[in-house]
Amino acid sequence: METSKPPVTDVKIRSYRPDDHRRCRALWAELVESQRVLYDDPSLGGADPGAGFEEYMTRIDLSGVWVAEHAEEGVVGLVGLLLEGQVGEVEPIVVTRQMRGKGIGRALLERVAEEARQRRLRQLTVSPASRNLEAIRSLHAAGYTVLSKITLTFDTAGPTRGWRDGVELHGLRFRY
């Protein structure tokens, strides 16, 4: 088990600025690369894993983007808020690998929660990948403890894609 790293005190959470683009695109690519490993699928995100950031920034439901700026390292984290009526969705939440475990993700989540409260949203949701146990544990620790939606998948390629057995919900077994 990895020991927890000391909290980072020289990080500021602020609104995204256009000059953050290059670093945020790199964070997006890092997120895609981790999903490729998680699902053993090098095709996720296409040939340019950072390209999805461009599309993300043009979403009509995108209501805000905040970054974590480290005094020495620059932008090391990113969080976005999507809106659908009175419900907000955290998408994405990413902290660069070398800065994880220092409270940066929690600070980003607190910032987006503050925004949701200011806007009087009814709920704030987040949908981590079912295999990303690190993210699920971090989100749970940050207060995301209500299971409000489940997305089930029928894999047309069959069980050979590498899904893992082991999740039980309401007495039913699922792969993840």
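Up top is the structure.
What you are looking at is a predicted structure, and each value in this text was computed from that prediction instead of being measured.

Draft legend 1. Molecular detail of the pattern of salt bridges. The tally for this structure, following the rule as stated, stands at eleven salt bridges. A salt bridge links Arg25 to Asp48; its shortest N-O distance comes to 2.7 Å. You can see Arg25 sitting in helix α1 (residues 21-38) and its partner Asp48 sitting in the loop between α1 and α2 (52-56), a full 23 residues away along the chain.

Draft legend 2. Inspection of the sheet that holds strand β4 (residues 87-95) at higher detail. With mixed pairing, five strands are arranged side by side in an open sheet as β1-β2-β3-β4-β5. At either margin of the open sheet sits one strand with a lone partner, and together these are β1 (11-15) and β5 (123-126). Across the sheet, the axes of successive neighbouring strands diverge by a mean angle of 25 degrees, strand direction being ignored. As defined by bridge partners, strand β3 (residues 74-84) adjoins β4 across seven bridges and the pair is classed as antiparallel. Directly across from Leu83, in β4, lies its bridge partner Gly88.

Draft legend 3. Region of interest: α1. With 18 residues, α1 extends 25 Å between its outermost C-alpha atoms, agreeing within 8% with the 26 Å of an ideal straight helix rising 1.5 Å per residue. Regarding α1, the residues found buried are Cys24, Leu27, Trp28, Ala29, Glu30, Leu31, Val32, Arg36 and Leu38. Contacts from the buried residues of α1 go to α2, β2 (62-70), β3 and β4. Where α1 ends, the next residue or the one after it, Asp40, has phi of about 45 degrees, a positive value.

Draft legend 4. Representation of the layout of surface pockets within the structure. Taken as a whole, the second largest pocket encloses approximately 150 Å³ of empty space. Lining the second largest pocket are Leu109, Glu110, Ala113, Ala116, Arg117, Leu121, Arg122, Gln123, Leu124, Ala142, Gly143 and Tyr144. Residue assignment for the lining of the second largest pocket shows that the elements contributing at least two residues are α3 (104-118) and β5. When residues of the lining of the second largest pocket are assigned to their parent elements, the largest contribution, five residues, is made by α3.

Draft legend 5. Summary view of the packing of aromatic side chains. Inspection of every chain in the model, using the stated rule, returns four aromatic pairs. Here Trp28 and Tyr56 contribute two aromatic rings whose centre-to-centre distance is 5.1 Å and whose plane-to-plane angle is 40 degrees, an arrangement assigned as tilted. Residue Trp28 is found in helix α1, and its partner Tyr56 is found in helix α2; the two are separated by 28 residues along the sequence. You'll find Trp28 and Tyr56 in the same group, each marked buried. Ring pairs connect the aromatic residues Tyr16, Trp28, Phe53 and Tyr56, which therefore count as one cluster.

Draft legend 6. Spatial organisation of α3. When the terminal C-alpha atoms of α3 are compared, their 21 Å separation across 15 residues agrees well with the 21 Å that a helix rising 1.5 Å per residue should span. Taken as a whole, α3 has its buried residues at Ile104, Gly105, Leu108, Leu109, Arg111, Val112, Ala113, Glu115 and Ala116. Those residues of α3 that are buried lie in contact with β1, β2, β3, β4, β5 and α4 (133-141). Two residues or fewer past α3, Arg120 is found with a positive phi of approximately 55 degrees.

Draft legend 7. Structural context of the pairing of strand β7 (residues 172-175). The sheet contact formed by strand β6 (residues 165-169) and β7 spans four bridges and is antiparallel. Across the sheet, residue Asp165 finds its bridge partner in β7, namely Arg175. If you look at the hairpin formed by β6 and β7, you'll find two residues sitting between the two strands, and His170 has a positive phi there, around 55 degrees.

Draft legend 8. Molecular detail of the nonpolar core. Grouped together as the largest cluster of nonpolar side chains are 18 residues, with contacts concentrated most on Val79, Val90, Ile104, Leu108, Val112 and Leu124. Of all elements in the fold, only β2, β3, β4, α3 and β5 reach the threshold of two or more residues within this core. For this core, the element with the most residues is α3, which contributes six residues. When residues no more than four places from it in sequence are discounted, the contact partners of Leu108 are Ile13, Trp66, Val67, Ala68, Gly77, Leu78, Val79, Ile93, Val94 and Val95. Among the nonpolar cores identified, the runner-up in size contains 15 residues, and Cys24, Leu27, Leu62 and Val94 belong to it.

About the criteria used
- Residues numbered from 1 in each chain as written.
- Predicted model: local features only at pLDDT ≥ 70, side-chain atom pairs only at ≥ 80, totals over all residues.
- Heavy atoms only, no water.
- Salt bridge = Lys/Arg side-chain N within 4 Å of Asp/Glu carboxyl O.
- Helix = DSSP H or I, 4+ residues; strand = E, 2+ residues; numbered from the N terminus.
- Pairing = 2+ DSSP bridges.
- Axes fitted to C-alpha atoms, helices over the stretch in contact; angles between N-to-C directions.
- Expected span 1.5 Å × (residues − 1).
- Buried < 20%, exposed > 50% of the residue type's maximum accessible area, 1.4 Å probe, protein only.
- Contact = heavy atoms within 4.5 Å.
- 1 Å grid on protein atoms, 1.4 Å probe; cavity = no way out; pocket = protein on both sides within 12 Å on 5 of 7 lines; lining within 4 Å.
- Points joined across faces, edges and corners; volume = space filled by probe spheres on them.
- Phe/Tyr/Trp six-rings, centres within 6.5 Å; stacked < 30°, edge-to-face > 60°.
- Core = buried A, V, L, I, M, F, W, Y, C linked by side-chain atoms within 4.5 Å.

It is worth stressing that arrangement in space is one thing and function is another; only the former is reported here.
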